[in-house]
Amino acid sequence: MTTPQVKIAPSILTADWGHLADQIREAEAGGADYMHLDVMDGTFVPNITFGPLVIKAVDQMTDLPLDVHLMVAEPSRYLENFRDAGADILTVHAEACTHLHSTVQQITRLGCRAGVAINPATSIDALREIAPFVDMVLIMSVNPGFGGQRFIETATSKLRRMRYMLDELNPTCDLQVDGGVGPANIGDVVDSGANVIVAGSAVYNDRASIAENIAALRAGYANVQA
């Protein structure tokens, strides 16, 4: 099983929005690899967050790549707007795309890295035909819509099976996990093949500084890669 270098992608969903620029810059200074931005439309998921204007503002706050997770219906309608706002990675949900291959092609043509996500109840078999064409696969380890949820324990098995599929079809593809990952379980998550870790409340909380929380996440998987 291949496990590429682990990257930490703090999600601004649980950041202090009253001091968002400071929170993002602290994450960058603390060693974050990406900034993760969850776009929700209130239709595909039961919550509404933000759109391209916020992406554009965040792009002006950081030099980190912007990892934009589109939890929206018919995402192909908005891809160019998010690219223009500064997105470097655009991830769409397999469940939201009638013509998934065409949507992935569109992302690639726009010059962004293409990601495809699946919800907890969706089988990895839904990704077999698209896996050779994407740069990242995102396994949701909570039901999408809200931050701070508990990790669904069966996600580690799903990650392991997905990593084996990627080793077969697209070995350089990143495997991302989103939802409920913290220092206590990140070792199991990385051991299961994930190498891009989205962390919201594990990074942005009042228990420690942002840099300390990122360091705790890295320490949590250090023995796995030793």
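Our subject is the structure listed above.
In this report, the structure presented in the accompanying data block is examined. Only a predicted model underlies this, so the values are computations on that prediction, with no experimental measurement involved. (Residues numbered from 1 in each chain as written. Predicted model: local features only at pLDDT ≥ 70, side-chain atom pairs only at ≥ 80, totals over all residues. Heavy atoms only, no water.)

### Here we look at the pattern of salt bridges
Opposite charge on two side chains permits pairing when their charged atoms draw close.
Link 1 in the chain: All chains considered together, the criterion is met by eight salt bridges.
Link 2 in the chain: Between Asp33 and Arg218 there is a salt bridge, and its shortest N-O distance comes to 2.8 Å. Residue Asp33 is found in the loop between helix 1 (20–29) and strand 2 (35–40), and its partner Arg218 is found in helix 7 (residues 210–225); the two are separated by 185 residues along the sequence.
Link 3 in the chain: Given the relative accessible area of 23%, Asp33 is considered partly exposed.
Link 4 in the chain: For Arg218, a relative accessible area of 23% gives the class partly exposed.
Link 5 in the chain: Residue Asp167 pairs with Arg163 through a salt bridge whose shortest N-O separation is 3.3 Å. (Salt bridge = Lys/Arg side-chain N within 4 Å of Asp/Glu carboxyl O. Helix = DSSP H or I, 4+ residues; strand = E, 2+ residues; numbered from the N terminus. Buried < 20%, exposed > 50% of the residue type's maximum accessible area, 1.4 Å probe, protein only.)

### Some points on helix 1
Link 1 in the chain: When we look at burial in helix 1, the residues that qualify are Leu20, Gln23, Ile24 and Ala27. Seen from one end, helix 1 has its buried residues packed into an arc of 95°, which puts them on one side.
Link 2 in the chain: Just downstream of helix 1, Gly31 is the residue with a positive phi angle, here 105°. (Arc of directions from axis to C-beta.)

### Some remarks on the nonpolar core
Link 1 in the chain: The biggest cluster of nonpolar side chains holds 66 residues, and the ones touching the most others in it are Val68 and Ile197.
Link 2 in the chain: Setting aside its immediate chain neighbours within four residues, Val68 contacts Leu37, Val39, Ile55, Phe82, Ala87, Ile89, Leu90 and Thr91.
Link 3 in the chain: If you look at the next biggest cluster of nonpolar residues, it comprises six residues, including Tyr34, Ile89, Met136 and Val196. (Core = buried A, V, L, I, M, F, W, Y, C linked by side-chain atoms within 4.5 Å. Contact = heavy atoms within 4.5 Å.)

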